[in-house]
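Working through the structure, step by step
Here's the letter readout for the chains.
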Amino acid sequence: MSRGRFAPSPTGILHIGNLRTALAAWLFARSAGGEFLLRFEDLDTATARREHEDGQRRDLERLGLDWDGEPVRQSERMDRYEDALTDLSAAGLTYRCWCSRREIREAVSAPHLPPGHYPGTCRNLTAAQIAEREAAGKPPAVRLRTEQPSVTIVDRLHGEHTEVVDDVVLRRGDGTPAYNLVVVVDDDAQRVEEVVRADDLLSSTPRHAHLADMLGIPRPTWAHVPLVLAADGDRLAKRHGAVTIDDRLAVGDTPGRVVAVLARSLGFEIPDEETTPTDLLDRFAADQIALTPWTLTPEETDAPW
Ligand code: GLU
């Protein structure tokens, strides 16, 4: 058994790159006889919309993907994130940070950290410096206090992956808990055993492992599936042509055809023009998943498959 999940942000219509990740996640879980959960990562209130949740559910169903129980929404689980923050703070593992993005960008980066990592400006402020910042009234973010450990995770597809974990934001200045915290809390709360997602998140995963360790919760296993790219080399987006299910149906494809093409791009040998996720279950093996990104040609984004 291996309980899995798909965790889209309901900020738009799923494109075939997202749907391919969903198909892979479903196959990992279901082929092992595991449950499969759907979680809407809707904490970005500026962009998350209920209508996108409905559309995303519908598109997953149209491909033949199902899930167990009602999907959960992160916006309804704020207590859990606050509890995790309280635990980390009680253990002395957090501090408040008043830096703006610009200040971080312009700070001379610490030599032991990769570029872009937080240089630790607010890490050891004096009481007087804290009082000054509090008086200015700008609400602080909360960061994880780390010793910048080098953390290694083992990914089922990519093998070992090591990153230095810096003082990541856990709660933004506007009060929103950060993705890096909530994903760890939710995967634990939902007892997710295997996280299957796109490999743009592989480099963040050592942070998640470190946070799980700090919170005393078991690490899940991970499998990061390569992204889908457009012919211009960018990650696939709506501007690249017929990339949603509605678009594919409009150019003449069927849902079964879309599943067949997605499956082939994942490394399956599919003799038929059309297939269903259920038909793929017996033939699924994690080690067959292609490790290079799938790059769509302009013909593939515009014409029927
Ligand atoms: N909500 C994230 C996204 O849509 C996925 C995060 C995850 O799977 O951990 O990219």
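Quick caveat, the model's predicted, so the values are computed rather than measured.

1. Comments concerning the site of the ligand
Close contacts around the ligand come from Arg-5, Ala-7, Pro-8, Ser-9, Glu-41, Tyr-179, Val-183, Arg-197 and Leu-201, and that covers them all. Residue Glu-41 places a side-chain N or O atom 2.6 Å away from a nitrogen atom belonging to the ligand. Partitioned by chemical class, the residues of the shell around the ligand number 5 nonpolar, 1 polar and 3 charged.

2. Quick word on the pairing of strand E6 (residues 150–155)
Regular strands have side chains that alternate between both faces of the sheet. Burial of the side chains of E6 is restricted to one face: Val-151, Ile-153 and Asp-155 are buried, whereas none of Ser-150, Thr-152 and Val-154 on the reverse face is. Pairing of E6 with strand E7 (residues 159–164) involves 6 bridges; the strand directions are antiparallel. Note that in E7 the partner of Val-151 across the bridge is Glu-163. What sits between E6 and E7 in their antiparallel hairpin is a turn of 3 residues.

3. Description of the nonpolar core
Core analysis: the largest hydrophobic core is formed by 44 residues, its most contacted members being Leu-23, Phe-28, Leu-60, Leu-63, Leu-262, Phe-268 and Leu-280. Looking at this core, the elements with two or more residues in it are helix H1 (16–31), strand E2 (36–40), helix H2 (50–63), strand E10 (221–225) and helix H9 (255–265). For this core, the element with the highest residue contribution is H1, accounting for 10 residues. When sequence neighbours within four positions are dropped, the list of residues in contact with Phe-28 reads Arg-156, Leu-157, Glu-194, Val-196, Ala-223, Phe-284, Ala-286 and Ile-289. Formed by 19 residues, the second largest nonpolar core is a distinct cluster that contains Leu-85, Val-142, Val-183 and Ile-217.

Parameters and conventions
Residues numbered from 1 in each chain as written. Predicted model: local features only at pLDDT ≥ 70, side-chain atom pairs only at ≥ 80, totals over all residues. Heavy atoms only, no water. Near = heavy atom within 4 Å. Polar contact = N/O pair within 3.5 Å; in protein donor to acceptor, adjacent residues only side chain to side chain. Nonpolar A, V, L, I, M, F, W, Y, C, P; charged D, E, K, R; others polar. Buried < 20%, exposed > 50% of the residue type's maximum accessible area, 1.4 Å probe, protein only. Helix = DSSP H or I, 4+ residues; strand = E, 2+ residues; numbered from the N terminus. Pairing = 2+ DSSP bridges. Core = buried A, V, L, I, M, F, W, Y, C linked by side-chain atoms within 4.5 Å. Contact = heavy atoms within 4.5 Å.

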